[in-house]
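If you want the building blocks of each chain, they are given just below.
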Amino acid sequence: MTKPYVDPYAVLELQRTATAAEIKQAYFTQVRNHPPERDPETFKRIRAAYERLRDPERRTETDMLLLNVWPEPARKRRPPKLDLALHHEDVLTAARALTDLERTDWREHYAKIKL
Amino acid sequence: MAKRKSAPAGKERGRKIDKTTDQRQQGLRAFQAGRFDSAITAWAELHKRDPEVKVALAEAYFRRALKQSASAEQLADMRQATTLRPDELRYQYHLGLALHRAGDLPAAIQQYQTVLERDNRWTGAGMALALATLEQHPHADITALPSITPDVRTAFAPVQTLLHGEVPPLNGDKPIERLWHGLGHVQVKDAAARETLDDSRTLPAPPATNVRRYYKGVAAAQTGDYATALRDWQHAHAADMRMSWLLDNLAAVWTERLDAQLANDDLAGALATARDALTVPMNNSVLNQLLVQTLDRGAHAAAATGDWSQAAELWEGARQTVSISSGLGSPRPLLHNLARAYEVQERWSEAADAWRAMLRTRPRKKTKQTDEDITDAQWDWVRKRIIECYKHAGQPGEAITLFRQAIKADPEDLETRLQLVDAFVANEQEQSAVNELQRITDINPEYTEAYLRLVSIYLQRRDWYNAATPLQKLITQNPQREDLRRQVAQLSLLHGINQSEFMLYDAAIKTFENGWQFAPGDYRFPLNIARLLLNQRQEQKAHTLLEQTLDLAADQPDAYIQVIDTWTIEDKLDEVQAVLKRAEADLSPTAEFYMSLGITLLMRTTPPPRLPSPFDPAPPPPPTEDEDSPWTQMAREALDRAVTLKPDDPRLAGGIAAELMSLRPKLALRYAEKSAEIGPDEPNALMLLGLAQALNEQKPEAKQTLRNAARLARRQGDTAMAQEIQSLRREIDSPLFGMALQMGPFLDDFDEEGFDDFFM
């Protein structure tokens with residue numbers, strides 16, 4: 001186990017497109033809700049998240065290191081349907097059991113060679 | 001002579017006979033050992049004149065064919081056997097089977113008929129003929145076939161019944177009889193199918209067993225038991241059944257299951273389903289979309305708990321799923337995450353590979369869609385990251401090698417060539433980078449990115465002349481690109497300043513004038529040209545340009561300070577006053593503006609301190625302070641104004657004191673006192689005051705002030721600072737102390753940022 005992933009935007013309850021002012025505002029809101037003296041661990045996480053976003057250069061780096069979420073499809077496609085019919089191809093495949101096509105032991109067809 | 005001649009001829013013949021016997025026996029030994037290749041080689045020529053060997057050779061081909069699986073080689077061997085012995089029905093029959101397996105039904109039917117024409121009791125041929133006929137035409141009437149025996153008719157009757165959509169009767173309890181009956185039940189969706197097909201006895205051929213297993217699943221699904229159905233279908237797939245309806249049914253069950261699990265936030269269940277589904281790779285976009293979604297969610301959850309190994313495994317599965325699917329979109333987000341997961345685990349080579357794979361998803365041509373996706377700067381970041389990862393992996397040259405290989409495969413791929421350039425730069429191989437960029441521009445003289453890199457490399461080398469040519473070309477190619485115009489302007493600015501430093505004033509003016517065209521709103525161009533013109537005594541022109549400077553930057557305090565600085569150098573007090581008046585009219589000058597103004601004036605009008613001489617052990621005297629000069633008066637007024645505008649801010653007065661410490665110690669003391677007065681509880685303000693006192697030869701007062709400052713710092717819990725102040729206090733009596741302060745090292749510690757830190 002290594003360090004768990006933390007999305008600083010999620011910690012500050014922000015969209016990834018948030019402006020600098022919104023980041024600052026969100027930080028203060030979070031600190032008000034989780035003051036260090038009452039909730040030191042949460043405060044630490046909030047502070048760390050803010051540190052990663054407050055400086056524009058560091059924010060660019062942070063943004064590139066964020067994990068991406070696989071997008072859900074814009075429209076839901078029709079799921080595949082069950083096919084519960086009997087297929088003739090399968091009947092004929094099974095009928096191979098009536099023939100020698102799958103047989104592998106042909107010793108009885110060997111001829112004795114003498115020279 | 002004749003005798004002498006005939007003796008060797010006889011010997012020769014004898015040798016030939018020996019050789020022939022050898023080959024016959026050699027072939028036989030190989031044949032008996034099952035080495036049919038060797039037997040065929042030994043008999044290849046001999047069979048033409050030896051009928052026994054011909055029979056043996058045909059058998060060798062036949063036996064070799066039987067050893068092979070269905071293939072072109074098997075068919076060729078069977079044909080050889082029948083060609084050598086067309087009368088041998090065994091060979092004809094097996095050639096029919098081989099053709100049948102190869103899917104050549106008309107030829108197989110022909111062979112079976114040949115066998116049956118000569119021996120209609122050959123049941124195997126009759127059965128195979130019946131099957132091949134039905135495979136060609138499922139509704140053919142096999143009873144009409146010549147030479148078909150009643151046994152064959154009986155055996156194929158249920159098959160024909162099924163092909164006609166009916167349920168064959170259960171004539172006995174043999175596994176094959178139950179299979180036909182069960183399939184009939186499935187056909188008419190009779191629930192009895194489940195029981196009929198629930199038969200574990202062995203069928204004569206594995207494909208039939210697989211069919212039974214699959215339809216057992218279908219029968220279960222017809223009654224709504226999808227769990228059993230899924231299990232049976234998975235078994236059928238594991239036993240190599242690959243019919244499209246099997247894959248479709250597996251996809252349908254897994255899709256339905258995943259959909260429900262994701263909707264119920266049952267991530268663990270969804271992951272188990274996904275892992276199951278991954279064992280059957282299939283190109284079903286709906287299922288694969290759900291799979292990727294599930295794996296991605298699982299990976300995020302694993303990453304959130306720090307289990308990056310698990311996260312990487314899941315993202316790798318998702319990436320592979322996207323790679324076999326059509327219409328799922330770019331794997332870029334997954335590759336990005338995968339690269340990060342490998343990085344966190346310090347699996348640098350794999351991380352580099354993942355970043356590279358991500359880079360390959362970059363579209364060659366920009367479209368509206370991709371423009372919004374990742375910016376050019378972010379792609380640059382990815383490139384650098386690849387190189388970084390290879391460096392961490394201890395393979396700094398790896399990136400270069402990989403990019404070179406890619407270029408070898410596709411020399412026209414300019415994008416990869418650009419990546420190679422970045423790798424060269426990262427590996428400090430600048431000349432190789434320049435060479436590669438030149439190759440790129442040879443291939444495509446319009447390739448903007450290459451010129452930009454070239455400019456960037458030259459600028460880093462401060463090679464203005466070489467940078468100018470590609471930049472000019474860029475502008476010619478893209479006259480409207482604002483970013484390029486800005487770069488040309490910036491380059492011109494740097495180049496002009498460089499020329500000025502080398503006293504190439506005329507050239508510098510031309511460079512600035514050229515650059516100004518590309519950034520007509522940038523006040524630094526007229527300002528710099530004006531400064532150079534003043535240097536050449538062209539005051540009128542300079543005056544006009546400085547007016548233009550202020551027109552362009554009417555709202556920028558720094559521009560006013562720069563113009564004031566310029567006039568101060570020229571000793572033009574009236575011009576300075578005029579500019580200040582204009583600033584006060586146009587701007588609402590802040591405390592910081594007045595502080596900059598005062599310090600600028602003093603810096604330009606105070607003679608520099610004398611450097612200590614190695615031949616004179618006495619410290620140099622402090623700089624002369626002309627308290628009454630109009631420049632000093634104006635500066636002091638500006639500084640006082642600054643302090644008045646921020647009467648409660650000890651940092652401002654302290655900042656002024658710090659700036660003036662080596663320049664004008666007396667004035668520094670004045671502002672240090674002011675700072676300590678405003679912030680009596682600030683250890684920094686007191687420390688600054690102590691230092692200013694020491695510099696003004698008020699050593700006892702300085703010691704006392706520093707003692708108070710140290711005590712204050714200690715009381716506030718800043719022991720490090722208290723120690724630092726104490727150490728300064730101990731140095732006060734040293735002759736080097738005053739000299740050091742006058743020469744300015746002290747100021748390095750008290751730059752604006754540092755000072756802010758002290759007070760924050």
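Owing to the predicted nature of the structure, the values given are computational and were not obtained by experimental measurement. (Residues numbered from 1 in each chain as written. Chains lettered and ligands numbered in written order. Predicted model: local features only at pLDDT ≥ 70, side-chain atom pairs only at ≥ 80, totals over all residues. Heavy atoms only, no water.)

Check the secondary structure of chain A and you find 5 helices and 0 strands. Start at the N end of chain A and walk to the C end: the helices and strands fall as α-α-α-α-α. Scored against the burial criterion, the 115 residues of chain A give a buried share of 38%. If you take every contact in chain A between residues at least 6 apart in sequence, the share linking residues at least 24 apart comes to 49%. As displayed, chain A offers around 7,600 Å² of accessible surface, 51% of which is attributable to carbon and sulfur atoms. (Helix = DSSP H or I, 4+ residues; strand = E, 2+ residues; numbered from the N terminus. Buried < 20%, exposed > 50% of the residue type's maximum accessible area, 1.4 Å probe, protein only. Contact = heavy atoms within 4.5 Å. Areas by Shrake-Rupley, 256 points an atom, 1.4 Å probe, with all protein chains shown as cover.)

Let's shift gears to the overall build of chain B. In terms of regular secondary structure, chain B is built from 41 helices and 0 strands. Buried positions account for 50% of the 760 residues belonging to chain B. Considering only residue pairs separated by 6 or more positions, chain B has 54% of its internal contacts joining residues 24 or more positions apart. Surface exposure of chain B reaches about 36,800 Å², of which carbon and sulfur atoms provide 50%.

On to the interface of chain B and chain A, then. Contact with chain B, which involves 95 residues of that partner, is made by 50 residues of chain A. Carbon and sulfur atoms make up 68% of the surface buried where chain B meets chain A, a total of about 6,200 Å² over both sides. Where chain B packs against chain A, one counts 3 salt bridges. Between Glu135(B) and Arg96(A) there is a salt bridge; the shortest N-O distance is 3.8 Å. At the junction of chain B with chain A, the criterion picks out 22 residue pairs in polar contact (both at pLDDT 80 or more). Considering each element in turn, the side of chain B that touches chain A owes the most residues, 10 residues, to helix α15 (residues 285–304) of chain B. Partitioned by chemical class, the residues of the side of chain B that touches chain A number 58 nonpolar, 22 polar and 15 charged. (Buried area = accessible area lost by both parts, 1.4 Å probe. Salt bridge = Lys/Arg side-chain N within 4 Å of Asp/Glu carboxyl O. Polar contact = N/O pair within 3.5 Å; in protein donor to acceptor, adjacent residues only side chain to side chain. Nonpolar A, V, L, I, M, F, W, Y, C, P; charged D, E, K, R; others polar.)

Per the counting criterion, the structure on display carries 14 aromatic pairs over all chains. Seen in terms of ring centroids, Tyr27(A) and Tyr50(A) are 4.0 Å apart; in terms of plane orientation they differ by 10°. Their pairing is stacked. Taken together, the residues Tyr27(A) in helix α2 (residues 20–33) and Tyr50(A) in helix α3 (residues 40–54) connect sequence positions 23 residues apart. Look at Tyr27(A) and you get buried, because its relative accessible area is 7%. For Tyr50(A), a relative accessible area of 9% gives the class buried. The rings of Trp106(A), Tyr93(B), Tyr112(B) and Trp122(B) are connected pair by pair, giving a single aromatic cluster. Sitting over the ring of Trp106(A), Arg103(A) keeps its end group 3.9 Å from the ring centre. The ring of Tyr110(A) carries Arg63(B) above its face, with NZ or CZ at 3.8 Å from the centroid. (Phe/Tyr/Trp six-rings, centres within 6.5 Å; stacked < 30°, edge-to-face > 60°. Lys NZ or Arg CZ within 6 Å of the ring centre and 35° of its normal.)

The next thing to look at is a nonpolar patch on the surface. There is a patch of nonpolar side chains on the surface, built from Tyr465(B), Phe502(B) and Leu504(B) and spanning about 360 Å² of accessible area. The topology assignment puts Phe502(B) in the loop between α26 (482–501) and α27 (505–518). (Patch = residues over 30% accessible without salt bridge, like charges linked within 9 Å, V, L, I, M, F, W, Y side chains within 5 Å.)

As a further point, take the packing of helix α16 (residues 308–324) of chain B against helix α17 (residues 332–344) of chain B. The axes of two packed helices give the description: the angle between them and the distance between them. All names here are of chain B. Between α16 and α17, the shortest axis-to-axis distance is 9 Å and the interhelical angle comes to 155°. Put simply, α16 runs roughly antiparallel to α17. Crossing of α16 against α17: the hand is left-handed. Along the contact surface, α16 presents Trp 308, Ala 312, Trp 315, Glu 316, Ala 318, Arg 319 and Val 322, while α17 presents Leu 334, Leu 335, Asn 337, Leu 338, Ala 341, Tyr 342 and Val 344. (Axes fitted to C-alpha atoms, helices over the stretch in contact; angles between N-to-C directions. Parallel < 35°, antiparallel > 145°, perpendicular 65-115°, else oblique. Left-handed = near helix turned anticlockwise from the far one by under 90°.)

All names here are of chain B. Its identity as a non-glycine residue notwithstanding, Glu 428 has a phi of 55°, on the positive side. The topology assignment puts Glu 428 in the loop between α22 (414–426) and α23 (430–443). The phi torsion at Asp 571 lies on the positive side, around 60°, for a residue other than glycine. Residue classification places Asp 571 among the exposed positions, given a relative accessible area of 54%.

Next up on the list: the pattern of salt bridges. All names here are of chain B. Considering all chains together, one arrives at 57 salt bridges over all chains under this definition. Measuring nitrogen to oxygen at the nearest pair gives 3.6 Å for the salt bridge that ties Glu 59 to Arg 63. Placement of both Glu 59 and Arg 63 in helix α3 (residues 51–67) is noted, with a separation of 4 residues, approximately one turn of the helix. Pair check on accessibility: Glu 59 and Arg 63 agree, each one buried. The partner of Glu 88 in a salt bridge is Arg 85, with the nearest N and O atoms 3.6 Å apart. We note that Glu 88, like Arg 85, is buried. Beyond isolated ion pairs, a larger network of salt bridges with shared partners links Glu 59, Arg 63, Arg 85, Asp 87, Glu 88 and Arg 90.

Before going further, it helps to examine the environment of Ala268(B). One can find Ala268(B) in helix α14 (residues 267–278). Note: C-alpha distance between Ala268(B) and Thr294(B) (26 residues apart in sequence) is 9.6 Å.

With that out of the way, let us pick up helix α7 (residues 123–136) of chain B. In this model α7(B) runs 20 Å from its N-terminal to its C-terminal C-alpha over 14 residues, within 8% of the 20 Å that 1.5 Å per residue would give. Counting buried positions along α7(B) gives 11 out of 14 residues, so the element sits mostly inside the fold. (Expected span 1.5 Å × (residues − 1).)

Before going further, it helps to spend a moment on the side chain of Gln419(B). Structurally, Gln419(B) is set in helix α22. Once you skip the residues sitting within four places of it in the chain, Gln419(B) turns out to touch Leu359(B), Arg383(B) and Phe403(B).

Residue and element names in this part refer to chain B. Taking 1.5 Å per residue as the helical rise, helix α38 (residues 719–731) with its 13 residues ought to reach 18 Å, and the 19 Å between its terminal C-alpha atoms agrees with that figure. All buried positions along α38 are accounted for by Met 721, Ala 722, Ile 725, Gln 726, Leu 728 and Arg 729. On an axial view of α38, the arc spanned by its buried residues comes to 160°, and they lie on one face. Structural note: α38 exposes Ala 720, Gln 723 and Arg 730 on the side pointing more than 90 degrees away from its buried face. (Arc of directions from axis to C-beta.)

Right, let's get into the environment of Gln25(B). Note on placement: Gln25(B) falls in helix α1 (residues 2–32). Here Gln25(B) falls in the partly exposed class, since its relative accessible area comes to 29%.

As a further point, take the side chain of Thr62(A). Locating Thr62(A) in the fold gives a position in helix α4 (residues 56–65). Dropping the residues within four chain positions of it, Thr62(A) is found in contact with Pro8(A), Arg52(A) and Leu53(A).

Residues and elements named next belong to chain A. Where α2 meets α3, the axes come as close as 10 Å, and the angle between the chain directions of the two elements is 170°. As judged from the angle between their axes, α2 and α3 are roughly antiparallel. Where α2 abuts α3, its residues Ile 23, Lys 24, Tyr 27, Gln 30 and Val 31 lie against Phe 43, Ile 46, Arg 47, Tyr 50 and Leu 53. Class assignment for the residues of the contact of α2 with α3 results in 7 nonpolar, 1 polar and 2 charged.

Of all residues in chain A, 99% have pLDDT values of 70 or greater, and the mean over the chain is 91. Here α4(A) stands out as the least confident element of chain A, with mean pLDDT 88; helix α5 (residues 88–95) of chain A is the most confident, with 96. (pLDDT = per-residue confidence, 0-100.)

Within the largest apolar cluster, 269 residues are counted, with the highest numbers of intra-cluster contacts made by Trp43(B) and Phe156(B). If one sorts the elements of this core by residue count, α3(B) sits on top with 9 residues. (Core = buried A, V, L, I, M, F, W, Y, C linked by side-chain atoms within 4.5 Å.)

Right, let's talk about the confidence of the model for chain B for a bit. Residues and elements named next belong to chain B. In this model, chain B carries a mean pLDDT of 88, and residues with pLDDT of at least 70 account for 91%. Taken element by element, the predicted model of chain B shows its lowest mean pLDDT in helix α41 (residues 752–759) (32) and its highest in helix α5 (residues 89–101) (97). Here residues 1–7 is modelled with pLDDT under 50, and outside its nearest four sequence neighbours on either side it reaches 0 contacts, counting other chains as well. With pLDDT under 50 throughout, residues 745–760 is counted as low confidence; its partners more than four residues away or in other chains account for 32 contacts. Our summary of model confidence lists the complex with pTM equal to 0.59 and ipTM equal to 0.85.

What follows concerns the environment of Asp90(A). Assignment of secondary structure puts Asp90(A) in helix α5. Contact partners of Asp90(A), with chain neighbours within four places excluded, come to Val211(B), Tyr214(B), Tyr215(B), Met241(B), Met243(B) and Trp245(B).

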